[in-house]
Amino acid sequence: MRIGCVSDVSLGYGSAQIGLLLESLAEHYQAESLVVEPSVPTLAPRHNRFPRFRMRSVHTAFGPYTAAGRVEYVLAAARIIDEWAPDLLVISCTFSLPVLLKLRRRPAYVIYNSYESIAHYGEFDLEMNRHLAGRIDLILFPEENRAALEIGRCRFGDIPKLVLYNCPRRTDRLPLPRESRSGRFIYAGTIDPVETFAEYYTRLPAGKYPIDLYGPIRAASEEERKTLRRRLEDSVWYCGHIDSQELAELRRHYIYSLVMWNPRNENQLYAAPNKFFESIADGVPPLSAPHPQCKKVIERYGCGVLMSDWSDVALVAGLERASLLYGTSEWDAMVSKCQAAFLGELNWERQFEKLKLHLTRQP
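Everything numeric here is computed off the predicted structure, so don't read it as measured data. Numbering of residues begins from 1 in every chain and follows the order in which that chain's sequence is written. Reporting in this predicted model follows two pLDDT cut-offs: at least 70 for local features of residues, and 80 or more for side-chain atom pairs to be given and counted; totals over whole chains, interfaces and linings ignore these cut-offs and use all residues. As a convention, hydrogens and water are excluded, and side-chain values are obtained from all of the structure's heavy atoms.

Undergrad: Hey, could you go over the overall build of the protein chain for me, with residue numbers and the actual values?
TA: Strands are runs of DSSP state E lasting at least two residues, helices are runs of H or I lasting at least four, and both sets are numbered from the N terminus onward. Scanning the protein chain from N- to C-terminus turns up 15 helices and 13 strands. Over its C-alpha atoms the protein chain spans a radius of gyration of 21 Å, differing by no more than 12% from the 21 Å that the globule rule assigns to 363 residues. Counting only C-alpha atoms, the protein chain reaches 60 × 45 × 40 Å along its principal axes. Going through the 363 residues of the protein chain one by one, you find that 52% of them count as buried. We call two residues in contact whenever any of their non-hydrogen atoms come within 4.5 Å of each other. The long-range share in the protein chain, meaning contacts at least 24 apart out of those at least 6 apart in sequence, stands at 70%. For the protein chain, the exposed area adds up to about 15700 Å²; of that, 53% sits on carbon and sulfur atoms. Just so you know, the count uses Lys and Arg for positive and Asp and Glu for negative, and it drops His and the chain ends. The atoms used to mark charge sites are NZ of Lys, CZ of Arg, CG of Asp and CD of Glu. Within the protein chain, one finds 45 positive and 44 negative side-chain charges whose respective centroids are separated by 3 Å. Restricting the calculation to C-alpha atoms gives the radius of gyration, and the globule rule supplies 2.2 Å times the number of residues raised to the power 0.38. Each residue is placed in one exposure class: buried if its accessible area under a 1.4 Å probe, protein chains only, is under 20% of its type's maximum, exposed if it is over 50%, and partly exposed if it falls in between. All accessibility values rest on the Shrake-Rupley procedure with a 1.4 Å probe; residue burial counts only the protein chains present in the view.

Undergrad: For the sheet that holds strand S2 (residues 32–38), give the residues involved together with the corresponding values.
TA: Sheet architecture is open: seven strands sit in the order S3-S2-S1-S4-S5-S6-S7, paired in parallel fashion. The outermost strands of the open sheet, each flanked by one partner alone, are strand S3 (53–58) and strand S7 (161–163). Each adjacent strand pair in this sheet contributes to an overall mean axis angle of 15°, direction not counted. Sheet topology places S2 next to S3; six bridges connect them, and they run parallel. When the sheet's bridge partners are listed, Ser33 is paired in S3 with Phe53. Axis geometry follows a simple rule: fit a line to the C-alpha atoms, using only the stretch in contact for helices, then measure angles between N-to-C directions, giving values from 0 to 180 degrees. In this fold helix H2 (residues 67–84) packs onto strand S1 (2–6), S2, S3 and strand S4 (88–92), with an angle of close to 170° to the strand it touches most, S2. Two strands make a pair as long as DSSP finds a minimum of two bridges between them.

Undergrad: A description of the nonpolar core should follow, citing residues and the corresponding values.
TA: Residues enter a nonpolar core if they are buried and are Ala, Val, Leu, Ile, Met, Phe, Trp, Tyr or Cys, with the set joined through side-chain atoms within 4.5 Å. Leu25, Ile91, Leu100, Ile111, Phe156 and Leu355 are the most contacted members of the largest nonpolar core, which totals 62 residues. With eight residues, H2 is the largest single contributor of residues to this core. If we ignore the near neighbours within four places in the chain, the residues touching Ile91 are Val6, Ser96, Leu97, Val99, Leu100, Val110, Ile111, Tyr112 and Asn113. Residues Phe197, Leu287, Val305 and Ala314 belong to the second largest nonpolar core, which totals 32 residues.

See the structure below:
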């Protein structure tokens with residue numbers, strides 16, 4: 001039994017669900033697995049984190065995320081997959097879907113892991129998805145609303161479909177007690193004036209809200225980036241950019257995790273990021289803007305604080321409310337509810353159980 005995967009990103013840099021899905025499939029079938037990934041010059045390969053997989057990085061002359069680079073990557077990936085001849089093939093995101101057009105041999109079973117918005121890629125990709133729907137055996141989505149939109153637009157019809165949340169693996173590690181917490185809020189992710197409302201943090205009264213920011217600062221120029229960093233440091237703590245393993249150890253010591261990004265398009269509105277579910281797993285209640293999936297989870301489990309909207313006023317109101325709750329029995333209850341949600345539904349093993357119902361036979 002052989003499994004192949006064509007990834008749209010270099011494994012180990014975000015998109016943790018690709019590695020989790022492949023690891024679980026390999027365990028389920030006791031299969032050999034090959035992952036094809038794009039080579040990104042600024043990112044060192046992290047193949048050592050995936051010892052169970054054979055890894056093939058594809059270099060492209062103009063970078064994989066240009067129009068020419070995407071074509072070059074797809075052609076190379078198709079050749080590698082044809083040589084590997086997998087029984088089961090996982091296609092990650094519409095970016096990698098054109099590989100199905102170039103394969104000489106169709107694998108027995110094709111899983112399309114559509115974890116990014118198809119519509120965000122434009123009309124060409126929507127039409128390509130319609131054309132290739134007949135070559136797909138199962139589609140995975142990260143969120144219900146996006147799934148409904150994509151199914152209609154791409155005419156996926158009777159293809160089996162599943163919604164799998166971007167949850168981390170189950171662990172027996174308990175949340176830290178209140179006395180081991182720093183008393184501070186954490187934001188981890190891209191810090192951008194438009195995409196993640198970085199300007200909001202510069203308007204907060206200096207030192208009033210104990211917020212630590214982790215992640216790359218993005219701006220139109222290096223000078224603007226430096227200016228934004230100086231302005232941020234007048235109000236909050238900027239702690240630099242750390243990798244996911246360091247973040248996983250640090251986050252446990254915080255009292256809330258800020259989850260907020262600009263819902264200016266469909267891609268930015270629906271599915272919750274990995275950090276939302278990772279915070280719940282760590283017993284760090286999310287303070288979240290009302291993105292549909294975040295809102296649904298927080299309201300269902302009572303495991304966080306929900307902002308009223310995406311404005312700077314709503315952020316301040318959320319910080320005030322969360323600060324008042326900390327140190328009370330209500331905050332303790334939120335931490336307990338995070339743990340219950342994580343152990344009950346919001347872990348990868350539980351999500352994969354839904355997929356296993358479609359894997360009862362060998363491809």
